[in-house]
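Single-letter residue listing:
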Amino acid sequence: MCRLFGMSTGGPRVRASHWLMDAPECLRAQSHRMPHGAGLGWFSLGAEPVRDRAPLAAFESPDFALHARNVVSHTFVSHVRDASVGGLTVHNCHPFVMNDRLFAHNGVVKGLSTLGSWLTEVDRAHVSGETDSELVFAYITAEIRRAGDTTEGLVRAVGRIGAELPVFSLNLLIAEAGRLWALRHPDSNELWVLSPRHGGRSGPEGGEAAEHVPAVVVASEPMDGQPGWRLLDPGELLVVNGLEETSLHPFEPPRHRLSRDDLSLREAASQGVVVPPQSAEDLPAADDAAVISDL
């Protein structure tokens, strides 16, 4: 399944190369199992979101390695893709950017024609790819705008999606400059956090002092052998403001929860279900815009 990574240091600008390139279960290593795209997002000195993404496995992408080694920021979001919806194009790679926020998702949400009906033409203008993930982000963005608050808008959007659409998993990361939201919903896929008080750092023990500062690290699986990794509860929304963590539990289980038997072979493969291997030829071509045309 896709893998998520997020990190917040609370202010110091550091590299994330340890978690992206060097840790025992770094994102680059995970990409050998998630080869359909990779992306890294961060924030500039002007607090603007920046991202680099490509429909290549992270271990094959020189740009991923270059940015992982050299970019400095206080807030990062990264993603390696195991495609379930949408072709192998850059527009379908995470993280996505809307309204000065970064977003990455792991899971499957269906009922996309219904979800599309909740979007205005202005909302749809943000969507350039074919994935359920980007449509979900467009709706979350719209609800944040209406609510005037990121947490409230996110809770409203996810609550409605869970009540009205078929959901297998809606694990996600949203980042603003210095702030991070991590959601595990429901329990189909895992999402872990390593807090500063339990060993969370931007770099390894013994590393350069500038690269070894306290940090909140969020990942789809523990990335090293530290004992402090904590599995988020089903439905838990972790709000990270700098280094301050707040856990919320505002969601009921999805009303139309999908089981693995409800997924297509391709969707099941992307969620870690054992099915016959798929080659790139089995995935939709770049002009397969069924999701968008269904809106």
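Here is what the cut-offs are and how they apply
- Residues numbered from 1 in each chain as written.
- Predicted model: local features only at pLDDT ≥ 70, side-chain atom pairs only at ≥ 80, totals over all residues.
- Heavy atoms only, no water.
- Phe/Tyr/Trp six-rings, centres within 6.5 Å; stacked < 30°, edge-to-face > 60°.
- Helix = DSSP H or I, 4+ residues; strand = E, 2+ residues; numbered from the N terminus.
- Buried < 20%, exposed > 50% of the residue type's maximum accessible area, 1.4 Å probe, protein only.
- Polar contact = N/O pair within 3.5 Å; in protein donor to acceptor, adjacent residues only side chain to side chain.
- Contact = heavy atoms within 4.5 Å.
- Pairing = 2+ DSSP bridges.

Peer 1: Honestly, the packing of aromatic side chains in this entry has me stumped. Any pointers?
Peer 2: In this description, a pair of aromatic rings is defined by centroid distance and the angle of the planes. This model, assessed by the stated rule, comprises three aromatic pairs. Taken together, a centroid distance of 4.5 Å and an interplanar angle of 5 degrees make the contact between Phe103 and Phe137 stacked. Here the residue Phe103 occupies a position in strand S6 (residues 101-109), and Phe137 occupies one in helix H6 (residues 132-147), the gap between them amounting to 34 residues. Residue Phe103 shares its accessibility class with Phe137, and that shared class is buried.

Peer 1: Explain the side chain of Asp123 here, please?
Peer 2: Relative to the assigned elements, Asp123 resides in helix H5 (residues 121-124). For Asp123, a relative accessible area of 1% gives the class buried. Of note is the side chain of Asp123, whose polar atom sits 2.9 Å from the backbone nitrogen of Thr120. Among all residues touching Asp123, those that are not within four sequence positions of it are Trp118, Ala138, Ala142 and Arg145.

Peer 1: Before we go on, may I ask you to explain the pairing of strand S12 (residues 237-241) in this structure?
Peer 2: Every regular strand shows the same layout, with side chains that alternate between the two sheet faces. Burial of S12 is extensive: four of the five residues sit out of reach of the surface. For strand S8 (residues 179-183) and S12, the ladder comprises five bridges, and the chain directions are antiparallel. Bridge pairing in S12 links Trp181 to Val239. Note that S12 and strand S13 (residues 244-248) share five bridges and pair antiparallel.

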